[in-house]
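# What the coordinates show
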Amino acid sequence: MTHRTGHGAGTIGRTARRPGGAAVAAVALVALTVTTAGCKAQPANGSPAATSSPPRTSAPASDDAKPAETASKPAASPTPSATPKPDPQGKTLMATGSQGKQVRELQARLRQIGHFDRTPTGYYGTLTVAAVQSFQGKRGLSRTGRTDTLTWQKLLGMTRKPTAAELNPPASRPVAEPDKRCLTGRVLCISKNSRTLSWMIDGHVVSTMDVRFGSQYTPTREGTFSIYWKSRHHVSTIYHTAMPYAMFFSGGQAVHYSADFAARGYSGASHGCVNVRDEGKIAALFDQVRTGDKVVIYW
């Protein structure tokens, strides 16, 4: 635009040197053209925007100042920015995607008073959002689903500190009688009937956890296998989804943590893998299991 303006100025200079009234008329015509032409911003509603260089004032305009007025009107005084009102329920402490010990405590406390009917997982998913909304609604709070300062304080006042068993229960489902193939050696003993995994060493149950399997179209294989590869931060090359703490036992099928299982429970399914929804338990299991350990999947 600078070059085009300069070109127009040169045209005026050359025209002004022509003799007679024709020259004067030409100067007036070109001057009018330069004044009315140029690059003006066109807003989305189709109305021309204000000039690109609004009048300068002694103080800069505030963030919420109105658009600049036309040059024929005096510039308005800057309007002070309004101070945002604080959230009456306070700062957000936990929300969708949060994970860790505090989330596990939140879930355990909600479970104490009947708002969360699952095993604490330490992952803030859709089930936890729904539980928090239920609690907030009962207490006359805004049903945001986020755990803010006021929600957390009210929950602490109505519950007691969770015990170790409440924070890390064996499993939310009754553990099945182990298959006889699980009674010797180091075994991941996985029951489709009870939907549980028992980590066993020489017939002794070390830990148990809830698991989820593949759908009818992508079923989890049954039989006796062995762990042939472990991958802590694995990402599926087929579905491009995260498979943390993956322990592969048959082709692309593995035992691994599933954030989706933690968030949605049994309303979903895997693509054949054995999903675990408690990240703390699968992390501990991943550290203990060795390549070559047996996997038994049965009904």
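Along each chain, the written sequence defines residue order, and numbers are assigned to residues from 1. For a predicted model such as this one, the threshold for reporting local features is a pLDDT of at least 70, and the threshold for listing and counting side-chain atom pairs is 80 or more; totals across whole chains, interfaces and linings nevertheless cover every residue. With hydrogens and water set aside, each side-chain value is computed from the structure's full complement of heavy atoms.

## Things to note about unusual backbone geometry
Across the chain, the bulk of peptide bonds are trans and the bulk of non-glycine residues have phi less than zero. One non-glycine residue, R195, lies in positive phi territory at about 55°. Tracing the backbone shows R195 in the loop between β3 (186-191) and β4 (196-201). Only protein chains enter the area calculation, which uses a 1.4 Å probe; residues under 20% of their type maximum are buried, those over 50% are exposed, and those in between are partly exposed. The exposure class of R195 is partly exposed, given its relative accessible area of 27%. In this structure, Y245 takes a positive phi of about 55° despite not being glycine. The helix and strand labels rest on DSSP assignments: H or I over at least four residues marks a helix, E over at least two residues marks a strand, and numbering proceeds from the N terminus.

## Brief notes about the pattern of salt bridges
Just to be clear on terms, a salt bridge is a Lys or Arg side-chain nitrogen sitting within 4 Å of an Asp or Glu carboxyl oxygen. A full pass over the atoms with the stated rule returns 10 salt bridges. Of the charged contacts in the structure, one is a salt bridge between E105 and R109, with a shortest N-O distance of 2.9 Å. With E105 and R109 both in helix α3 (residues 101-112) and four residues apart, this pair spans about one turn of that helix. Residue classification places R109 among the buried residues on the basis of a relative accessible area of 7%. Residues E222 and K192 are paired through a salt bridge, measuring 3.2 Å at the closest nitrogen-oxygen approach. Of this pair, E222 sits in the loop between β5 (204-212) and β6 (223-226) while K192 sits in the loop between β3 and β4; the two residues are 30 residues apart in sequence, bridging distant segments of the chain. Owing to a relative accessible area of 43%, E222 belongs among the partly exposed residues under this scheme. Linked through salt bridges whose partners overlap, the residues forming this network are R212, D260 and R264.

## Topic: the confidence of the model for the protein chain
Low pLDDT marks stretches whose predicted atomic positions should not be read closely. A residue's pLDDT is the confidence the predictor assigns to it, expressed on a 0 to 100 scale. Residues of the protein chain with pLDDT of at least 70 account for 70%, and the chain-wide mean is 78. Should any heavy atoms of two residues lie within 4.5 Å, those residues are counted as being in contact. Low pLDDT (under 50) marks residues 1-73, which in the prediction has 27 contacts with non-local residues, meaning those over four places away or in another chain.

## Brief notes about the pairing of β4
When you tally the buried positions in β4, you get five out of six residues, the bulk of the element. Direction of pairing for β3 relative to β4: antiparallel, over a ladder of six bridges. In the strand pairing of β4, R186 is matched with I201. Turn length for the β3-β4 hairpin, with the two strands adjacent in sequence and antiparallel, is four residues, and the turn residue R195 shows positive phi of about 55°. For two strands to pair, DSSP has to find at least two bridges joining them. Where β4 folds back onto β5 in an antiparallel hairpin, the turn is made up of two residues, including D202, whose phi is positive at roughly 50°.

## A closer look at the sheet that holds strand β8 (residues 242-250)
If you trace the nine strands from one edge of the open sheet to the other, you get β6-β11-β3-β4-β5-β10-β9-β8-β7, paired in mixed fashion. The open sheet has two edge strands with one neighbour each: β6 and β7 (229-235). Pairs of neighbouring strands in the sheet enclose a mean axial angle of 30°, with direction left out of account. With six bridges joining them, β7 and β8 adopt antiparallel strand pairing. Within the sheet, the bridge partner assigned to V235 lies in β8 and is A242. Every axis corresponds to a line fitted to the C-alpha atoms, with the helix fit spanning only the stretch in contact, and the corresponding angles, defined between N-to-C directions, vary from 0 to 180 degrees. Of the strands in this sheet, β3, β4, β5, β7, β8, β9 (253-257) and β10 (274-276) touch helix α8 (residues 279-288), which is tilted by about 50° from β8.

## Some thoughts on the pairing of β6
On β6, burial follows the alternation: G223 and F225 on one face are buried, whereas T224 and S226 on the facing-out side are not. Sheet topology places β6 next to strand β11 (residues 294-298); four bridges connect them, and they run antiparallel. Bridge pairing links S226 to K294 in β11.

## Examining α3
For α3, which comprises 12 residues, the first-to-last C-alpha distance of 17 Å matches the rise-based estimate of 16 Å (1.5 Å per residue) to within 8%. Along α3, the residues that are buried comprise V103, R104, L106, Q107, A108, R109 and L110. Elements that come into contact with the buried residues of α3 comprise β1 (92-94), α4 (126-138), β2 (147-148), α5 (149-158), α6 (164-167) and α8. Trailing α3 by a residue or two, G114 shows a phi angle of about 80°, which is positive. To estimate how far a helix should extend, the number of its residues minus one is multiplied by 1.5 Å.

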